[in-house]
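Read off the chains here:
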Amino acid sequence: MESLQQIIDSANDLLWSYIMIAALLLCAAYFTLRSGFVQFRMIGEMFRQLINSTERRRDEGAKHISPFEAFVVSLASRVGTGNLAGVATAVAVGGPGAVFWMWIIALLGAANAFVESTLAQLYKRRSADSYIGGPAYYIEWGLRCRPMAILFSVLTIVTFGFAFNTVQSNTLCEAVENAFGIDRLYIGIAITISTLIIIFGGIQRIAKVSSVVVPVMAVGYILLAFVVVAMNIGSLPEVLKTIIDSAFGVEQVVGGGMGAAVMQGIKRGLFSNEAGMGSAPNAAATASTSHPVKQGLIQTLGVFTDTLIICSCTAFIILASGVELGGELDGVRLTQEALTSQIGITGRIFVAVAIFFFAFSSIFGNYYYGEANVRFITSSQRVLNIYRIIVGAMVMGGAMMSLKMVWSLADLTMGLMTLCNIVALVLLGRQALLLLDDYRRQKREGKDPVFEKRAIKELAENDNIECW
């Protein structure tokens, strides 16, 4: 097991020290410029579309997923252990400066999120109870490269269905065990059974559960963080100064700490907000909407919600508490102890409850990303059921595995999957930008934008665009 850990760590060092940082930031900067800073200039439109997106449309008598439900399914995956445990790990290993780089990857990466979700809508396909799509679909139907689409599907299944769900389960069990003293074996059994009951109900059940659990817990956690901020409002400038100094300070540059901050900030930031990873498009494609850009804008808002609000709340709680960084505490236990120092034992319990619901809902979202890609590879219900059972087994296994091995495996598979998606975004991104131009033109004309592929010459003759 130790030699396997060393192999995974070596691969991660190569992938994340050089390749991923360059690929993510260059791609994000390119789409930010080419889209005319869409993630900043159209933030008001994002909120308007989210508010107007709660009703399902009925197409040919079929009941589909509303844009809001697609949004919360993706948010269910985003808002999880990355927000509470991932931020703590980034700060503990990379120092406070890692928080700054999490902000940067979110601000720039939101452009990647817009492009990938817009493309997912453009190339979505019809399914029995909803639309279905994602990077595998736009790679095959947009790039016409099925081998690459199969590769992405396999990486997604391994990353989300298996690796990420072990992370969620591991963190959930650790938090509950630390707060209530319940043996993680029993916790693992309980969440595994509950997970299997829900995922065998399909996307409709997952969407219903997520649309209730995610907003309630996200709002609750944000309100608690605001209470902690209010209690320590005088230290807020000092916390912000610490973050900036740690990100760019001379001491960090000389000692190599800046590199650790950048790497941890980007790794944990990507794990948390998933911008450009190719995960959220699997949920974005399920929505029934009148223009692909509408869902692209809504999904972009999810990146800001996740990193700039929820992750920042966790970072402030940890840094304002004064708990020792770089010691024995890591992951969710660091967040628990930081909050306990602020509001007493209630803090430890609250984090356990929050991480339970966040991680539990993330398991559903992660599972669905894998399901969409299983369905891409095969239509066999038997294979899908086998996948569901393996997901349950990974949830149970994650409850008992070591934290280091779980995070290392997730980092490796996440990096490979993201690289595959970035290649597709670079090659297909122009189509998303054409859709954005069409959307803006219709808005200038005072219309509620409706997309018809004949309106864009470059897409008019594309027979692989099925739903428009």
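Quantities reported herein were computed from a predicted structural model and do not represent experimental measurements.

(A) Structural detail: the overall build of the protein. In terms of regular secondary structure, the protein is built from 20 helices and four strands. Taking all 468 residues of the protein together, 61% fall into the buried category. Long-range contacts, defined here as pairs at least 24 residues apart, represent 82% of the contacts in the protein between residues at least 6 apart. Counting every atom, the protein has about 17400 Å² of accessible surface; 64% of that belongs to carbon and sulfur.

(B) Fine view of the pattern of salt bridges. All chains considered together, the criterion is met by 14 salt bridges. Between E140 and R146 there is a salt bridge; the shortest N-O distance is 2.6 Å. What makes E140 buried here is its relative accessible area of 16%. Salt bridges sharing common partners tie together D438, R441, E445 and K447.

(C) Just the packing of helix α3 (residues 43-51) against helix α15 (residues 292-321), in detail. Packing of α3 against α15 brings their axes to within 8 Å, and their N-to-C directions diverge by 105°. As summarised for this structure, α3 and α15 are arranged roughly perpendicular, according to the angle between their axes. Across from I43, E45, M46, F47, Q49 and L50 in α3, the residues of α15 making contact are K294, L297, I298, T300, L301 and F304. Within the contact of α3 with α15, the residues separate by chemical class into eight nonpolar, two polar and two charged.

(D) Expanded view of the packing of helix α8 (residues 146-180) against helix α18 (residues 381-400). Taken N-terminus to C-terminus, the directions of α8 and α18 make an angle of 35°; their axes are 7 Å apart at the nearest point. Where α8 crosses over α18, the handedness of that crossing is right-handed. Two secondary-structure elements touch here, α8 through I157, G161, F162, N165, T166, S169, N170 and C173 and α18 through Y387, I390, V391, M394, V395, G398 and A399. Class assignment for the residues of the contact of α8 with α18 results in nine nonpolar, six polar and no charged.

(E) Structural detail: α8. Spanning 35 residues, α8 covers 49 Å between terminal C-alpha atoms, matching the ideal 51 Å at 1.5 Å per step. The largest bend along α8 measures about 30° and falls at F164. Most of α8 is tucked away, with 26 of its 35 residues classed as buried. At the exit of α8 stands G181, carrying a positive phi of roughly 75°.

(F) Expanded view of the environment of I189. Examined against the element boundaries, I189 turns out to sit in helix α9 (residues 184-199). The spatial distance from the C-alpha of I189 to the C-alpha of G397 is 9.9 Å, given a sequence separation of 208 residues.

(G) Representation of the layout of surface pockets. Its boundaries defined by the atoms lining it, the second largest pocket holds a volume of some 250 Å³. Surrounding the second largest pocket, 16 residues form its lining, L50, F71, L75, A218 and T305 being those nearest its centre. Listed by contribution, the elements that provide at least two residues to the lining of the second largest pocket are α3, α4 (67-78), α10 (202-231) and α15. Looking at the lining of the second largest pocket, its residues break down into 15 nonpolar, one polar and no charged.

(H) Fine view of the packing of aromatic side chains. Counted by the stated rule, this structure contains nine aromatic pairs. Taking 6.0 Å as the distance between ring centres and 50° as the angle between the ring planes, the aromatic pair formed by F162 and Y387 counts as tilted. Within this pair, whereas F162 is found in helix α8, its partner Y387 is found in helix α18, the two being separated by 225 residues in sequence. A network of ring pairs unites the aromatic residues F160, F164 and Y369 as a single cluster. Residue placement shows R125 over the ring face of W141; its charged tip is 4.1 Å from the ring centre.

(I) Spatial organisation of the side chain of S290. Positionally, S290 belongs in the loop between α14 (280-284) and α15. Of the residues examined, S290 reaches a relative accessible area of 17% and is grouped as buried.

(J) Structural detail: the environment of T171. With respect to the element layout, T171 can be found in helix α8. The exposure class assigned to T171 is buried, which follows from its relative accessible area of 1%. For the pair T171 and A359, spaced 188 residues apart in the sequence, the C-alpha separation amounts to 7.7 Å.

What counts as what
Residues numbered from 1 in each chain as written. Predicted model: local features only at pLDDT ≥ 70, side-chain atom pairs only at ≥ 80, totals over all residues. Heavy atoms only, no water. Helix = DSSP H or I, 4+ residues; strand = E, 2+ residues; numbered from the N terminus. Buried < 20%, exposed > 50% of the residue type's maximum accessible area, 1.4 Å probe, protein only. Contact = heavy atoms within 4.5 Å. Areas by Shrake-Rupley, 256 points an atom, 1.4 Å probe, with all protein chains shown as cover. Salt bridge = Lys/Arg side-chain N within 4 Å of Asp/Glu carboxyl O. Axes fitted to C-alpha atoms, helices over the stretch in contact; angles between N-to-C directions. Parallel < 35°, antiparallel > 145°, perpendicular 65-115°, else oblique. Nonpolar A, V, L, I, M, F, W, Y, C, P; charged D, E, K, R; others polar. Left-handed = near helix turned anticlockwise from the far one by under 90°. Expected span 1.5 Å × (residues − 1). Bend = angle between axes of the 7 residues up to and from the residue. 1 Å grid on protein atoms, 1.4 Å probe; cavity = no way out; pocket = protein on both sides within 12 Å on 5 of 7 lines; lining within 4 Å. Points joined across faces, edges and corners; volume = space filled by probe spheres on them. Phe/Tyr/Trp six-rings, centres within 6.5 Å; stacked < 30°, edge-to-face > 60°. Lys NZ or Arg CZ within 6 Å of the ring centre and 35° of its normal.

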